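Summary of the model geometry
If you want the building blocks of each chain, they are given just below.
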Amino acid sequence: FVTLSIFSISLVALGSVSHTGISFNRERKSRAMELLLTTSLSDKEIVMGKIQAVALSLLPWIISSLICIGGLILIYGGEKHFWEGFAAIFWEGASMWFGMSSLALWTSLRYRKNLAFPVCVAVFFAWNTLGRIMVMSIVGFGNIRSATAFIVMDVVIFGVLGIVSLMNVFGRFREIALRDYDRG
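Residues numbered from 1 in each chain as written. Predicted model: local features only at pLDDT ≥ 70, side-chain atom pairs only at ≥ 80, totals over all residues. Heavy atoms only, no water.

A few words now on the overall build of the chain. Scanning the chain for helices and strands turns up eight helices and zero strands. Mapped in sequence order, the helices and strands of the chain form the string α-α-α-α-α-α-α-α. Evaluated residue by residue, the chain yields a buried proportion of 42% over its 184 residues. The long-range fraction of contacts in the chain, counting pairs at least 24 apart against all pairs at least 6 apart in sequence, stands at 80%. Within the structure as shown, the chain displays about 10,100 Å² of accessible surface, and the carbon and sulfur contribution to it stands at 71%. (Helix = DSSP H or I, 4+ residues; strand = E, 2+ residues; numbered from the N terminus. Buried < 20%, exposed > 50% of the residue type's maximum accessible area, 1.4 Å probe, protein only. Contact = heavy atoms within 4.5 Å. Areas by Shrake-Rupley, 256 points an atom, 1.4 Å probe, with all protein chains shown as cover.)

If you want it as structure tokens, here you go:
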């Protein structure tokens, strides 16, 4: 149950990385970035527009994942634990999506080559192996405390990753975008 729900959430997070990771690279190649920079939109509006576009394009995938997860919770957890299990998995997925999308957006903006997907996959797998080993060594494995600790740590780690990445994008968006056009 937990493996299937984490797999479903991971697919949504990595799918958003593949969409987000190419966004600025695509605009550089088509020279659309120049048009964005000449509008009256602020840097934050441009970046948040990118994130909203990715979220809307993945909405059917997100909804179907939430339906599958809800079904799994009902089948294996029963109605008694449905809302607490659903809320925990929802927050874990939302923080994972936020962290990975923000990191992909930063890498897409920062580097000319499309490095966002490999960087995000490396971060994802590093956390899901090393982070899980760390949590298991602290709280044990196979009990409710370890499952709760995994979810809490995912929310914290991916939330912090998203906030740091977005702050970097917001703070240096115009500088990096203009530097690319200065280079030609």
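The next subject is the side chain of Ser108. Within the fold, Ser108 resides in helix H6 (residues 82-110). Exposure remark for Ser108: the relative accessible area of 1% places this residue in the buried category. Leave out the neighbours within four places in its chain, and Ser108 touches Thr20, Gly21, Ile22, Ser23, Phe24, Asn25, Arg28 and Ala116.

Judged by side-chain polarity, Val152, Val156, Ile157, Val160 and Val164 come together as a nonpolar surface patch covering roughly 380 Å² of accessible area. Mapped onto the secondary structure, Val152 falls in helix H8 (residues 144-183). You can call Val152 partly exposed: its relative accessible area is 46%. (Patch = residues over 30% accessible without salt bridge, like charges linked within 9 Å, V, L, I, M, F, W, Y side chains within 5 Å. Salt bridge = Lys/Arg side-chain N within 4 Å of Asp/Glu carboxyl O.)

This part is about the nonpolar core. One finds Phe24, Met33, Val47, Ile51, Leu109 and Phe173 to be the most contacted residues of the largest nonpolar core, which totals 18 residues. Looking at this core, the elements that each hand over two or more residues are helix H3 (32-38), helix H4 (43-57), H6 and H8. Here this core takes six residues from H8, the largest share from any one element. Residues contacting Val47, with those up to four places away along its chain left out, are Leu105, Leu166, Val169, Phe170 and Phe173. In this structure, Met96, Ala104, Phe124 and Trp127 belong to the second largest nonpolar core, which totals 13 residues. (Core = buried A, V, L, I, M, F, W, Y, C linked by side-chain atoms within 4.5 Å.)

Glancing now at the packing of helix H2 (residues 23-30) against H6. It is the contact of H2 with H6, at a shortest axis distance of 7 Å, that shows an interaxial angle of 30°. With respect to their mutual orientation, H2 and H6 come out roughly parallel. On H6, the residues that touch Ser23, Phe24, Asn25 and Arg28 of H2 are Leu105, Ser108, Leu109 and Arg110. Grouping the amino acids of the contact of H2 with H6 by side-chain chemistry returns three nonpolar, three polar and two charged. (Axes fitted to C-alpha atoms, helices over the stretch in contact; angles between N-to-C directions. Parallel < 35°, antiparallel > 145°, perpendicular 65-115°, else oblique. Nonpolar A, V, L, I, M, F, W, Y, C, P; charged D, E, K, R; others polar.)

Let's shift gears to the side chain of Ser95. Here Ser95 lies in helix H6. For Ser95, the residues in contact, after removing those within four places along its chain, are Asp154, Val155, Phe158 and Gly159.

All right, on to H4 then. For H4, which comprises 15 residues, the first-to-last C-alpha distance of 21 Å matches the rise-based estimate of 21 Å (1.5 Å per residue) to within 8%. The complete set of buried residues in H4 reads Asp43, Ile46, Val47, Lys50, Ile51 and Val54. The buried residues of H4 all sit within an arc of 135° when viewed along its axis, so they share a single face. Turned more than 90 degrees away from the buried face of H4, the exposed residues are Lys44 and Leu56. (Expected span 1.5 Å × (residues − 1). Arc of directions from axis to C-beta.)

Time to look at the environment of Trp83. Within the secondary structure, Trp83 sits in helix H6. For the pair formed by Trp83 and Gly70, sequence separation is 13 residues and the distance between their alpha carbons is 8.9 Å.

All right, on to H2 then. Among all positions of H2, only Ser23, Phe24, Asn25, Glu27 and Arg28 are buried. Of the residues trailing H2, Arg31 is marked for its positive phi of about 65°.

Now for the environment of Trp97. Looking at where Trp97 falls in the secondary structure, it is placed in helix H6. Its relative accessible area of 17% is what places Trp97 among the buried residues. Spatially, the C-alpha atoms of Trp97 and Leu14 are 7.9 Å apart, while their sequence positions differ by 83 residues.

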